[in-house]
Amino acid sequence: MHSRVGFLLACTKRRSSYFSTCSALLSNLFSSNSNRNIFAACQRQILIGSDVSKVYYLPDSNFRWLGQLRGFCRYPATAALEQFSDDEYECDYENHPASSSVANIDEWKWKLSLLLRNKKDREVVSRDKRDRRDYEQICNLAKRMGLYSEIYGKVVVVSKVPLPNYRPDLDDKRPQREVVIPLSLQRRVEGLLQEHIDRTQLISGKAENILDGTNSSDMVEDANLDENPDSFLDGSVMEKVLQRRSLRMRNMQRAWQESPDGNKMLEFRKSLPAFKEKERLLQAIARNQVVVISGETGCGKTTQLPQYILESEIESGRGAFCSIICTQPRRISALAVAERVATERGEPLGDSVGYKVRLEGVKGKNTHLLFCTSGILLRRLLSDRNLDGITHVFVDEIHERGMNEDFLLIVLKDLLPRRPDLRLILMSATLNAELFSSYFGGAPMIHIPGFTYPVRAHFLEDLLEITGYKLTSFNQIDDYGQEKMWKTQKQLAPRKKKNQITALVEDALNKSNFESYSARARDSLACWAPDCIGFNLIEAVLCHICRKERPGAVLVFMTGWEDISCLRDQLKAHPLLGDPNRVLLLTCHGSMATSEQKLIFEKAPQNVRKIVLATNMAEASITINDVVFVVDCGKAKETTYDALNNTPCLLPSWISQASARQRRGRAGRVQPGECYHLYPRCVYEAFAEYQLPELLRTPLNSLCLQIKSLQVGSIAEFLSAALQPPESLAVSGVSLC
């Protein structure tokens with residue numbers, strides 16, 4: 001301790017002698033009156049041991065003297081820094097806070113004055129602890145001089161320009177990675193900021209200057225509000241804000257269409273059959289309140305028609321005023337179509353395109369095209385009878401004739417007279433458009449031809465010839481496991497009562513002789529049990545596909561979750577079909593979570609065949625791109641009435657010819673395919689052309705509360721306005737609710 005005190009006294013004495021010598025040199029160097037101020041400042045620099053050549057600018061003629069002075073004057077400070085730490089210096093500053101702070105602030109005044117005079121330098125950076133201690137005074141000094149200051153950890157920065165909250169170049173410990181904002185997010189943020197600025201200007205009474213405002217950086221061209229003098233329908237603030245948003249939407253749409261990715265996507269969309277009917281469709285929708293559109297599988301009606309209207313409204317400067325709802329019969333359809341449309345528009349899901357299903361949804365305040373299930377739209381009608389703000393309503397897949405779809409048509413037909421500006425577009429995948437057109441008073445019909453690759457159909461008799469599989473009375477019994485042994489044994493008991501379609505199927509089988517097929521195939525057909533699904537037969541067909549057919553995914557249509565789960569367990573026990581290195585087995589059912597349903601769209605690994613077990617929810621509106629083979633069991637669960645228990649129940653029944661064509665078309669969306677029907681051709685010809693509407697085959701008690709909640713009057717009168725009204729006896733029974 002005594003040695004340190006002695007050393008400090010010696011350094012202080014040497015520092016005094018150095019200061020005297022340096023002062024003499026500076027007196028000779030700055031002898032003129034104009035340089036006396038600089039001389040005084042240099043004296044202060046010597047006191048703190050700083051390099052005067054780094055702070056003050058001197059003429060070249062005197063620089064050599066300054067260089068000598070610099071080397072002469074810095075020695076005491078250097079020696080002190082080598083002997084003592086910063087903490088010891090801080091203790092010394094704490095003992096003399098006033099004098100050290102004054103000297104430090106005085107030094108910063110000259111630093112900042114030089115910074116303002118020098119046009120090349122932009123900032124002063126200091127890592128001195130004294131500057132962190134005096135930062136508040138330095139910050140106030142910088143503000144008075146019109147500069148910006150910020151402290152980054154142990155670094156003090158004063159700059160001519162505003163400083164960010166974080167500087168990775170000044171973070172010595174853990175420099176953060178620079179975050180690159182995606183272009184789509186940047187465009188959205190800029191749009192929201194511009195909208196806020198417009199709203200502020202309009203509210204503050206600056207609406208007269210809005211026409212001269214500048215566009216945001218993502219606009220591809222200057223937008224002039226005078227292009228459409230009738231665009232302002234009234235003088236309200238919201239009207240003008242929506243108009244500004246419409247102009248931004250138009251420029252963003254043009255920017256996407258002119259980009260390389262947008263051009264590529266546009267070329268693909270032009271290849272779809274719906275594009276050839278685009279102008280005709282838009283004209284029909286503009287001139288008529290109701291339009292019925294029938295399109296075959298693969299024409300692009302589901303993804304393209306709502307887009308055509310949205311793009312047309314945006315291009316005409318009415319994008320923000322447009323609000324489109326497109327209903328889908330199932331959740332997975334609404335989700336898959338919304339994601340596809342958002343991709344084609346080059347936007348993230350939830351921007352201008354969103355979806356809403358039960359307990360789930362992605363949408364924002366700028367969403368103008370919403371895909372939802374029919375039940376979601378019905379619930380909205382309960383609270384919003386007139387669908388205020390909605391300009392277009394699409395009802396897709398109306399040929400399925402579900403309860404919600406028929407109920408929705410009744411409500412919308414009653415709504416149209418109250419909303420003459422509302423446009424209703426009905427879309428069907430089958431050619432039964434005349435029924436819907438007549439229901440809406442002769443609405444115009446437009447047919448779009450489909451584009452599907454050829455799909456070769458194989459019926460049961462063909463399958464037996466190709467695979468060599470032999471049907472017996474025992475190998476057709478579906479095994480549902482020990483837990484549901486009653487269901488397995490039920491197949492052995494003869495059915496007491498047969499419905500109409502079952503009787504037609506048996507009659508068709510009796511009339512067919514299958515003479516052109518082998519005796520083995522005829523014997524198998526004679527043993528065929530129409531009431532069974534045929535797990536063993538499906539297993540044999542899948543083995544044939546995996547061993548002998550070309551690569552491609554397989555889509556198997558089953559009736560319900562029990563059949564799917566039991567067949568899945570049986571296939572997992574198979575040496576070939578249960579090998580995860582060769583087969584990827586997936587399931588798809590309405591009760592599954594959306595994240596699990598989306599797995600069916602993912603591509604299988606190399607040399608692995610994907611097999612999807614699904615219900616009739618995979619018939620329409622969704623496309624699994626790699627599907628090449630379809631296995632159709634010919635049945636689907638339908639809601640029917642159990643007279644014994646007086647309750648509705650789900651029972652498997654034969655599908656219609658329209659549904660069979662829809663299932664077959666799943667294999668030809670992106671490449672030629674094969675379809676294996678697990679029933680004879682004569683049975684297919686005995687199918688009904690279209691499915692019986694759910695309104696006619698289920699008890700109407702489930703509709704009673706919904707009709708009452710709508711407050712539309714008498715239940716009997718409401719149901720009598722249906723597309724195909726139920727019998728008067730059933731309606732009168734409902735009215736007693």
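Starting from 1, residues in each chain are numbered consecutively following that chain's sequence as written. Residue-level local features of this predicted model are given only where pLDDT is at least 70; pairs of side-chain atoms are given and counted only at 80 or more, and the full residue set underlies all totals for whole chains, interfaces and linings. To get the side-chain values, take all heavy atoms of the structure and skip hydrogens and water.

Under an unreviewed UniProt entry, the name given to the protein is RNA helicase, and the organism recorded is Nicotiana attenuata. UniProt positions are given in the numbering used here, feature names are shortened, and annotations may be inferred rather than shown by experiment. If you open the UniProt record of the protein and go to Sequence similarities (unreviewed entry), you find "Belongs to the DExH box helicase family." In UniProt, the protein has this text filed under Catalytic activity (unreviewed entry): "ATP + H2O = ADP + phosphate + H(+)".

Visitor: Whenever I open this one, the overall build of the protein confuses me. Can you help?
Guide: By definition, any uninterrupted DSSP run of H or I lasting at least four residues is a helix, any uninterrupted run of E lasting at least two residues is a strand, and each is numbered from the N terminus. Helices and strands together make up the secondary structure of the protein, namely 31 helices and 19 strands. Exposure is judged per residue with a 1.4 Å probe applied to protein chains only, and the accessible area is read against the type maximum: over 50% gives exposed, under 20% gives buried, and values in between give partly exposed. Expressed as a percentage of its 737 residues, the buried residues of the protein come to 48%. Two residues form a contact once any of their heavy atoms are found within 4.5 Å. Relative to all contacts within the protein whose residues are 6 or more apart in sequence, the contacts with residues 24 or more apart total 73%. In these tables, accessible area is a Shrake-Rupley quantity obtained with a 1.4 Å probe, and a residue counts as shielded only by the protein chains included in the view. With an accessible surface of roughly 37,900 Å², the protein has 53% of that area assigned to carbon and sulfur atoms.

Visitor: What's the story with the side chain of Ser659 in this structure? I'm lost.
Guide: Note that Ser659 resides in helix H26 (residues 657-665). Setting aside its immediate chain neighbours within four residues, Ser659 contacts Glu619 and Gln691.

Visitor: What is the right way to read the sheet that holds strand E11 (residues 445-448) from this model?
Guide: Strand pairing within a sheet occurs via backbone hydrogen bonds; the two strands may be parallel or antiparallel. Within the open sheet, the eight strands sit side by side as E7-E6-E8-E5-E9-E10-E4-E11. Their pairing is mixed. This sheet does not close on itself; its edge strands, each paired only once, are strand E7 (360-362) and E11. The average undirected angle you get between the axes of adjacent strands in this sheet is 20 degrees. At least two bridges found by DSSP between two strands is the condition for calling them paired. Lines fitted to C-alpha atoms define the axes, with helix axes restricted to the stretch in contact, and inter-axis angles between N-to-C directions lie between 0 and 180 degrees.

Visitor: Honestly, the nonpolar core in this entry has me stumped. Any pointers?
Guide: Across soluble globular proteins, nonpolar side chains have a tendency to be buried as a group. We define the nonpolar core as a collection of buried residues of types Ala, Val, Leu, Ile, Met, Phe, Trp, Tyr and Cys that are connected through side-chain atoms lying within 4.5 Å of one another. Counting residues in hydrophobic clusters, the biggest one holds 50 residues, and the most contacted among them are Leu542, Val556, Leu577, Ile611 and Tyr679. Discounting residues that sit within four places of it in the chain, Val556 has contacts with Ile538, Leu542, Ile611, Val612, Leu613, Ala614 and Val631. Core analysis: the second largest hydrophobic core is formed by 39 residues, Met403, Leu408, Ile410 and Ala443 among them.

Visitor: Please explain the sheet that holds strand E3 (residues 155-159) as it appears in this structure.
Guide: Here three strands make up an open sheet; going across it, the order is E1-E3-E2 and the pairing antiparallel. Only two strands of the sheet have a single partner each, and these edge strands are strand E1 (123-126) and strand E2 (148-152). Pairs of neighbouring strands in the sheet enclose a mean axial angle of 15 degrees, with direction left out of account. Bridge count for E1 against E3 is four bridges, and the pairing is antiparallel. In the sheet register, Val124 faces E3, and the bridge partner there is Val158. In the packing of helix H8 (residues 135-144) onto the sheet, contacts are made with E2 and E3, and the angle to E2 comes to roughly 155 degrees.

Visitor: What is the right way to look at the packing of aromatic side chains in this model?
Guide: Aromatic ring pairs are described here by two measures, namely the spacing of the ring centres and the angle between the planes. Only Phe, Tyr and Trp rings are paired, with Trp represented by its six-membered ring, and only when their centres lie within 6.5 Å; those with planes under 30 degrees apart are stacked, over 60 edge-to-face, the remainder tilted. Within the structure shown, the criterion is met by eight aromatic pairs. Judged by centre distance (5.0 Å) and plane angle (85 degrees), the rings of Tyr439 and Phe440 are edge-to-face. No difference in accessibility class separates Tyr439 from Phe440, as the two residues are buried. Between the aromatic rings of Phe459 and Tyr684, the centroid separation amounts to 5.7 Å while the plane-to-plane angle is 45 degrees, which identifies the pairing as tilted. In this pair, Phe459 sits in the loop between strand E12 (455-458) and helix H19 (460-467) while Tyr684 sits in helix H27 (residues 681-686), placing the two residues 225 residues apart along the sequence. Across the pair, Tyr684 and Phe459 agree in class, each one buried. Feature note: the residues Phe459, Trp528, Trp654, Tyr679, Tyr684 and Phe687 constitute an aromatic cluster, connected by ring pairs. Seen from the ring of Trp108, Lys111 lies directly overhead, with NZ or CZ sitting 4.8 Å from the centre. Geometrically, a charge over a ring is one whose NZ (Lys) or CZ (Arg) sits within 6 Å of the ring centre while staying within 35 degrees of the ring normal. Sitting over the ring of Tyr439, Lys413 keeps its end group 4.1 Å from the ring centre.

Visitor: What am I meant to see in a nonpolar patch on the surface here?
Guide: Taken together, the side chains of Leu185, Val189 and Leu193 present a nonpolar region at the surface, about 260 Å² in accessible area. As for its placement among the helices and strands, Leu185 is situated in helix H9 (residues 183-203). Each patch is assembled from residues with relative accessible area greater than 30% and no salt bridge, linking like charges that lie within 9 Å and nonpolar side chains (Val, Leu, Ile, Met, Phe, Trp, Tyr) that lie within 5 Å. Throughout this description, the term salt bridge denotes a Lys or Arg side-chain nitrogen within 4 Å of a carboxyl oxygen of Asp or Glu.

Visitor: What exactly am I supposed to notice about the packing of helix H13 (residues 278-287) against helix H14 (residues 301-315) here?
Guide: Two quantities define a packed helix pair, namely the angle between the axes and the distance from one axis to the other. At a closest axis distance of 10 Å, the pairing of H13 and H14 adopts a crossing angle of 70 degrees. For the element pair H13 / H14, the angle class is roughly perpendicular. Only Leu305, Tyr308, Ile309, Glu311 and Ser312 of H14 make contact with H13, whose side of the interface consists of Lys278, Leu281, Leu282 and Ile285. Working rule for angles: under 35 degrees goes down as roughly parallel, over 145 as roughly antiparallel, 65 to 115 as roughly perpendicular, anything else as oblique.

Visitor: Is there a simple way to think about helix H15 (residues 331-344) in this case?
Guide: Two residues of an α-helix separated by three or four positions point the same way, owing to the 3.6 residues in each turn. Here the expected span of a helix is defined as 1.5 Å times the quantity of residues minus one. For H15, which comprises 14 residues, the first-to-last C-alpha distance of 20 Å matches the rise-based estimate of 20 Å (1.5 Å per residue) to within 8%. Taken across its 14 residues, H15 has 11 buried, putting it largely inside the fold. Every buried residue of H15 is listed here: Arg331, Ile332, Ser333, Ala334, Leu335, Ala336, Val337, Ala338, Val341, Ala342 and Glu344. Count one or two residues on from H15 and you reach Gly346, which has phi positive near 70 degrees.

Visitor: Please explain unusual backbone geometry as it appears in this structure.
Guide: A negative phi angle is the norm for most residues apart from glycine, just as the trans form is the norm for most peptide bonds. Positive phi values are uncommon outside glycine, yet Leu359 reaches one of about 65 degrees. Within the secondary structure layout, Leu359 lies in the loop between strand E6 (353-357) and E7. Of note in this structure, Arg401 is not a glycine but carries a positive phi near 55 degrees. When you line up the elements, Arg401 lands in the loop between strand E9 (392-395) and helix H17 (403-415). According to the relative accessible area criterion, Arg401 is buried, its value standing at 5%.

Visitor: Sorry, what's going on with the confidence of the model for the protein here?
Guide: Low pLDDT means the predicted atomic positions in that stretch should not be read closely. Values of pLDDT, which run from 0 to 100, indicate the predictor's confidence residue by residue. With 72% of its residues at a pLDDT of 70 or more, the protein shows a mean pLDDT of 76. Looking over the protein, one finds the lowest element-wise mean pLDDT in helix H4 (residues 75-83), namely 34, and the highest in E9, namely 95. Counting contacts from residues 1-19, a segment whose pLDDT is below 50, to residues more than four positions away or on other chains yields 18 contacts. Counting interchain partners and residues more than four positions distant, the pLDDT-below-50 stretch residues 41-99 has 71 contacts.

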